[in-house]
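One letter stands for each residue in the lines below.
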Amino acid sequence: MKCPSCGGTLHFDIARQCLVCANCANTYDADEYSVENSADTSSWGDARMYRCRSCGAELLSMNDEAVSYCMYCGSEAVLQEEISGMNEPKRIIPFRIDKQECRTIYRKALEKKWYIPTEFKEEEFIERFRPFYIPYWMYNVKFREDPFTVKGYRDYTRGGYDYHEEYDILTEIKQKGLYGVPYDASRNFDDLIAEDIAPFRKKDLIPFSSGYLAGMYADRPNVSPELYRKEVMDKAEEEALSDIRKGLNMTSLKLPSGKKLSKLLDARYDGAEAVYLPVWFLTWRKGDRVAYAVVNGQTGKIHIDLPTDQKVFLRNTVLAAVLLFILLSVFVSVTSRFVLWFSALLVYLAGRRYRKELKEIRNRENHVFDKGYLLSDEDELSMSERARSRVRALSSIPLFRTVAGALASIVISFAALFGLAGLVSEELMTYEGAQAMTFLILIAESILFVRSLWVARHLRNKRSVLILMLAFAAVVYSFVVAWQEPVQDWWYYAGSLVCLAAASIMCLDLIARYNETATRPLPSFYAREGGNDHA
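Computed from a predicted structure; not experimentally measured. (Residues numbered from 1 in each chain as written. Predicted model: local features only at pLDDT ≥ 70, side-chain atom pairs only at ≥ 80, totals over all residues. Heavy atoms only, no water.)

On to the nonpolar core. Counting residues in each nonpolar core, the largest one holds 36 residues, and the members touching the most others are Tyr-106, Phe-120, Phe-129, Tyr-133 and Trp-280. Those elements giving two or more residues to this core turn out to be β1 (10-13), β2 (18-21), α1 (99-109), α2 (123-126), β16 (268-286) and β17 (289-296). Among the elements that line this core, the one with the most residues is β16, at four residues. Met-437, Ile-467, Ala-471 and Ala-502 belong to the second largest nonpolar core, which has 34 residues in total. (Core = buried A, V, L, I, M, F, W, Y, C linked by side-chain atoms within 4.5 Å. Buried < 20%, exposed > 50% of the residue type's maximum accessible area, 1.4 Å probe, protein only. Helix = DSSP H or I, 4+ residues; strand = E, 2+ residues; numbered from the N terminus.)

A few words on the sheet that holds strand β11 (residues 161-171). Spatial strand order, β11-β10-β15: three strands in an open sheet with antiparallel pairing. Across the chains shown, the open sheet's two edge strands, defined by having one partner strand only, are β11 and β15 (252-254). Going from strand to strand, the sheet's axes swing by 35° on average, the running direction of each strand aside. Direction of pairing for strand β10 (residues 148-158) relative to β15: antiparallel, over a ladder of three bridges. Among the inter-strand pairings, Lys-151 is bridged to a residue of β15, identified as Lys-254. (Pairing = 2+ DSSP bridges. Axes fitted to C-alpha atoms, helices over the stretch in contact; angles between N-to-C directions.)

Right, let's get into the pattern of salt bridges. Evaluation of the coordinates by the stated rule reveals 15 salt bridges. Here Glu-273 makes a salt bridge to Arg-91, at a shortest N to O gap of 2.7 Å. On the criterion of sequence distance, the pair formed by Glu-273 in strand β16 and Arg-91 in strand β8 (residues 91-92) is long-range, its members being 182 residues apart. Owing to a relative accessible area of 23%, Glu-273 belongs among the partly exposed residues under this scheme. When its relative accessible area of 30% is taken as the criterion, Arg-91 is described as partly exposed. Across the salt bridge formed by Asp-168 and Lys-151, the nearest N and O atoms sit 2.8 Å from each other. Of this pair, Asp-168 sits in strand β11 while Lys-151 sits in strand β10, placing them 17 residues apart in sequence. With a relative accessible area of 47%, Lys-151 lands in the partly exposed category. (Salt bridge = Lys/Arg side-chain N within 4 Å of Asp/Glu carboxyl O.)

Another point: the confidence of the model for the chain. Keep in mind that low pLDDT regions are not for reading the predicted coordinates in detail. Per-residue pLDDT for the chain averages 77, and the proportion of residues at 70 or more is 75%. Confidence drops under pLDDT 50 across residues 74-86; counting only partners more than four residues distant or on other chains, this segment forms 44 contacts. Confidence drops under a pLDDT of 50 for residues 523-534, and excluding neighbours within four residues, the segment shows 51 contacts in the predicted structure. (pLDDT = per-residue confidence, 0-100. Contact = heavy atoms within 4.5 Å.)

Moving on to a nonpolar patch on the surface. Taken together, the side chains of Phe-342, Leu-346, Leu-349, Leu-497 and Leu-500 present a nonpolar region at the surface, about 410 Å² in accessible area. Among the elements that take part in the nonpolar patch, helix α7 (residues 336-365) stands out by supplying three residues, more than any other. Tracing the backbone shows Leu-346 in helix α7. (Patch = residues over 30% accessible without salt bridge, like charges linked within 9 Å, V, L, I, M, F, W, Y side chains within 5 Å. Areas by Shrake-Rupley, 256 points an atom, 1.4 Å probe, with all protein chains shown as cover.)

Applying the stated criterion across every chain, the model contains 23 aromatic pairs. Ring centres of Tyr-133 and Tyr-276 lie 5.9 Å apart, and the angle between their planes is 40°; on these two criteria the pair is classed as tilted. Residue Tyr-133 is located in strand β9 (residues 130-142), and its partner Tyr-276 is located in strand β16; the two are separated by 143 residues in the primary sequence. What makes Tyr-133 buried here is its relative accessible area of 0%. When the ring of Phe-189 is compared with that of Phe-281, the centres are 5.9 Å apart and the planes differ by 75°; the resulting orientation is edge-to-face. Of the two residues, Phe-189 is situated in the loop between β12 (177-184) and α3 (191-197) and Phe-281 in strand β16; the sequence distance between them amounts to 92 residues. (Phe/Tyr/Trp six-rings, centres within 6.5 Å; stacked < 30°, edge-to-face > 60°.)

The next thing to look at is the packing of helix α4 (residues 229-245) against helix α5 (residues 258-265). At their nearest, the axes of α4 and α5 sit 11 Å apart, and the two run at 65° to each other. Relative to α5, α4 is oriented so that their crossing is left-handed. Together, Glu-237, Ala-240, Leu-241 and Ile-244 of α4 and Leu-261, Ser-262 and Leu-265 of α5 make up the contact between the two elements. Classifying every residue of the contact of α4 with α5 gives five nonpolar, one polar and one charged. (Left-handed = near helix turned anticlockwise from the far one by under 90°. Nonpolar A, V, L, I, M, F, W, Y, C, P; charged D, E, K, R; others polar.)

Here the focus is the pairing of β10. Within a regular strand, side chains alternate between the sheet's two faces. Alignment of β10 against β11, held across 11 bridges, turns out to be antiparallel. For Thr-149, the partnering residue across the bridge sits in β11 and is Leu-170. Here β10 folds back onto β11 in antiparallel fashion, the turn holding two residues, of which Gly-159 has a positive phi close to 60°.

Two residues of an α-helix separated by three or four positions point the same way, owing to the 3.6 residues in each turn. Within α5, burial applies to Leu-261, Leu-264 and Leu-265. Down the axis of α5, the buried side of the element spans an arc of 90°, and every buried residue falls inside it. Seen from the buried face of α5, the exposed residues on the opposite side, beyond 90 degrees, are Lys-259 and Lys-263. Packing partners of the buried residues in α5 comprise β10 and α4. Following α5 by one or two positions, Asp-266 adopts a phi angle in the positive range, close to 55°. (Arc of directions from axis to C-beta.)

Turning our attention to the packing of α7 against helix α12 (residues 489-518). Where α7 meets α12, the closest approach of the two axes is 8 Å, and the angle between their N-to-C directions is 20°. In terms of their interaxial angle, α7 and α12 are classed as roughly parallel. In this structure, α7 meets α12 at a crossing whose hand is left-handed. A breakdown of the residues in the contact of α7 with α12 according to their chemical character gives 19 nonpolar, six polar and 10 charged. (Parallel < 35°, antiparallel > 145°, perpendicular 65-115°, else oblique.)

See below:
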């Protein structure tokens, strides 16, 4: 944007909430600033849109650049003057947090983080935070306004008698609608990050003016508002039910479900409008993986991807293992049978954590919780939309509600109980103790093995299948040794070494897998050059 007085470049000053000229320091109201549109700017004032030829991202540029860099993949791009078919935002929340405050929030979030790469705390790296406007859809839903009748009941005991009462309750939805339900409208912005930095305060929404984009980055809305319509309507019905239940005290409601409930509440979709919401972006890159630090530019809520520095982690782990070995050698007297089943237990515990990481990778690789991504490139994913929907549904069900989860929880409880008892009880130092423990661990490991394979089949990298088989074989071997009752101790120590080797391999891969979940593949928000360094 050009200064009307001197022709210098304007940028939006967050602290003063106005446009400031970099040359003459004159200030202008962002919502009143206007320019005469030329042929290449359409209805966006000085903004120009270009499409990255490498990753297809559609970006807005507010800088006087002939060459820019794609924020998603880092590719160099000559700006083409082409704007067409964009959903121009109707409202915007201007940045309230400047770069200095953003850096302070980031540093505080990294306190007591021991294993992150050293670059994360370097001042030169932290200086690379860039302001970015993400498009969101703001949905509106209307509720029925007339009073209606619902069935209610109340159960209570009085004077030794049980009472059941039923009522016809005349009620109404006092909240006449649900307005401004936000979902991000950018296919490139991960829905999980959007949830992590939410909410934005809607009271700060003002009419959109391109002046607020001066010196900032922006993305175009490229997700249809229809994508999140079902989620919005479900949320609206939940809000309506919550509103109805207020003031009913001990009375419960008998409500219909499905379409009958929707008809009763008469929740009506009332459209959506595009808005721009502010975020700060910082990107760390290693090879073809990136990690983000994202700060809500209004509230300061932060999301950080935190990969592990493997060298530092391994060094500290080895030191801790040596210290633990010395303590156990001095204060605890154990037998070879105890070492055998305890090593098998370590394999199982490492396997539980390993499966959790595999689930995270599967969900991220298949964009299970990022519905905006599923508009295209769906053929590249190993999971169908039906499978993704099933995972989303199961994620809301507690572990103990599933049959496998209930059985695993019972076995885990017994194993943990016996494991603690094994440190003080001589019974678990014997042959019989080793047999009982390896049997329980084998049951738990068998369940875990099947459930982990079910997750691993949807991963691009199949090395986890071999590691899972190795862990299962190690537990089976320890079980066989315990039940054979060999006289020589070296059989037990050999079994424990096999288990510890399997657990070590799983842990090493676990660290690498964790870094996969803490980083993202390109294309990404990388190589953001230019932008508002005055923010």
